[in-house]
Amino acid sequence: FAGTILVMEVLGEPDWIKQRYLTTQMGDINFFVMAYWVLETISTVGYGDFAPKTTMSRFCTAACFLSGVIFFALETNTIADIWRMQTFGTGAYADRGRKHI
């Protein structure tokens, strides 16, 4: 995945995306940039020292960390199911003082 992101960074922004940037005091932003930062914040990936600069590399990075979040959730569910199956039917014996026959 890192190689794909590097290639996307080297290729730069496509022309149809370059025209849609809005210049603000925070820098150039558009819908894709804002969606990337929202997804990165919600997924708690963090902001790190290196962040993708082009929209296409942001798409690839977002797909990577979203698939990681989904994988983590699925595996957590699997571990919980295994734990539940191990504890199923392992109650304690309670002597009620009655004879069986």
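Analysis parameters
- Residue positions are counted from 1 within each chain, in the order its sequence is given.
- Local features in this predicted model are restricted to residues of pLDDT 70 or higher, and side-chain atom pairs are both shown and tallied only at a pLDDT of 80 or more, whereas totals for entire chains, interfaces and linings draw on every residue.
- Heavy atoms from the whole structure form the basis of all side-chain values; hydrogens and water molecules are not counted.
- Only the stretch in contact is used when a helix axis is fitted, and all axes are lines through C-alpha atoms; the angle between N-to-C directions ranges over 0 to 180 degrees.
- Under the DSSP-based scheme used, a helix requires at least four consecutive residues in state H or I and a strand at least two consecutive residues in state E, with every element numbered from the N terminus.
- Throughout this description, any angle smaller than 35 degrees is read as roughly parallel, any larger than 145 degrees as roughly antiparallel, any in the 65 to 115 degree range as roughly perpendicular, and the remainder as oblique.
- Should the near helix be turned anticlockwise from the far one by less than a right angle, the crossing is termed left-handed; should it be turned clockwise, right-handed.
- Residues count as neighbours in contact if any of their non-hydrogen atoms are within 4.5 Å of one another.
- Cysteine sulfur atoms that pair up within 2.5 Å are treated as a disulfide.
- Buried residues are those whose accessible area, probed at 1.4 Å on protein chains only, stays under 20% of the maximum for their type, while exposed residues exceed 50% and partly exposed ones sit between those limits.
- Whether two aromatic rings pair depends on their centres lying within 6.5 Å, for rings of Phe, Tyr and Trp, where Trp uses its six-membered ring; planes under 30 degrees apart make the pair stacked, over 60 edge-to-face, and the rest tilted.
- One less than the residue count of a helix, multiplied by 1.5 Å, gives the span that helix is expected to have.
- Residues are grouped as follows: Ala, Val, Leu, Ile, Met, Phe, Trp, Tyr, Cys and Pro are nonpolar; Asp, Glu, Lys and Arg are charged; every other residue, Gly included, is polar.

Draft legend 1. Examining the packing of helix H3 (residues 31-42) against helix H4 (residues 55-87) more closely. Their axes nearest at 10 Å, the elements H3 and H4 cross at an angle of 25°. In terms of orientation, H3 and H4 fall into the roughly parallel class. When the axes of H3 and H4 are compared, the crossing they make is left-handed. Taking contact as the criterion, the partners of Phe 32, Val 33, Tyr 36, Leu 39 and Glu 40 in H3 are, on H4, Thr 55, Arg 58, Phe 59, Thr 61, Ala 62, Phe 65 and Leu 66.

Draft legend 2. Summary view of the state of the cysteines. Within this structure, the stated rule accounts for zero disulfides. Take Cys 60: it sits in no disulfide, and the sulfur closest to it among the cysteines is that of Cys 64, at 4.6 Å. On the basis of relative accessibility, which here comes to 14%, the residue Cys 60 falls in the buried class. By relative accessible area, Cys 64 is classed as partly exposed at 24%.

Draft legend 3. Spotlight on the packing of aromatic side chains. Throughout the structure, instances matching the rule amount to two aromatic pairs. Aromatic side chains Phe 32 and Phe 59 sit 5.4 Å apart centroid to centroid with 75° between the ring planes, which places their arrangement in the edge-to-face category. Linking Phe 32 in helix H3 with Phe 59 in helix H4, this pair joins segments that are 27 residues apart in sequence. Take Phe 59: its relative accessible area is 41%, and that puts it in the partly exposed class.

Draft legend 4. Inspection of the environment of Asn 30 at higher detail. Inspection of the secondary structure assignment puts Asn 30 in the loop between strand E2 (27-29) and H3. When its relative accessible area of 8% is taken as the criterion, Asn 30 is described as buried. Once the C-alpha coordinates of Asn 30 and Thr 55 are considered, the two residues, 25 residues apart in sequence, prove to be 9.6 Å apart. With residues near it in sequence (within four places) discarded, Asn 30 still touches Ile 17, Arg 20, Tyr 21 and Thr 55.

Draft legend 5. Structural detail: H4. For H4, built from 33 residues, the straight-helix expectation of 48 Å at 1.5 Å per residue is met to within 8% by its first-to-last C-alpha distance of 48 Å. Every buried residue of H4 is accounted for by Thr 55, Ser 57, Arg 58, Cys 60, Thr 61, Ala 62 and Phe 65.

Draft legend 6. How the structure looks around the packing of helix H1 (residues 2-11) against H4. As a packed pair, H1 and H4 sit with axes 8 Å apart at the nearest point and diverge in direction by 165°. Classed by the angle they form, the pair H1 and H4 counts as roughly antiparallel. In this structure, H1 crosses over H4, and the sense of that crossing is left-handed. Judged by residue contacts, Thr 4, Ile 5, Met 8 and Glu 9 of H1 engage Met 56, Ser 57, Cys 60 and Thr 61 from H4. Broken down by class, the residue content of the contact of H1 with H4 amounts to four nonpolar, three polar and one charged.

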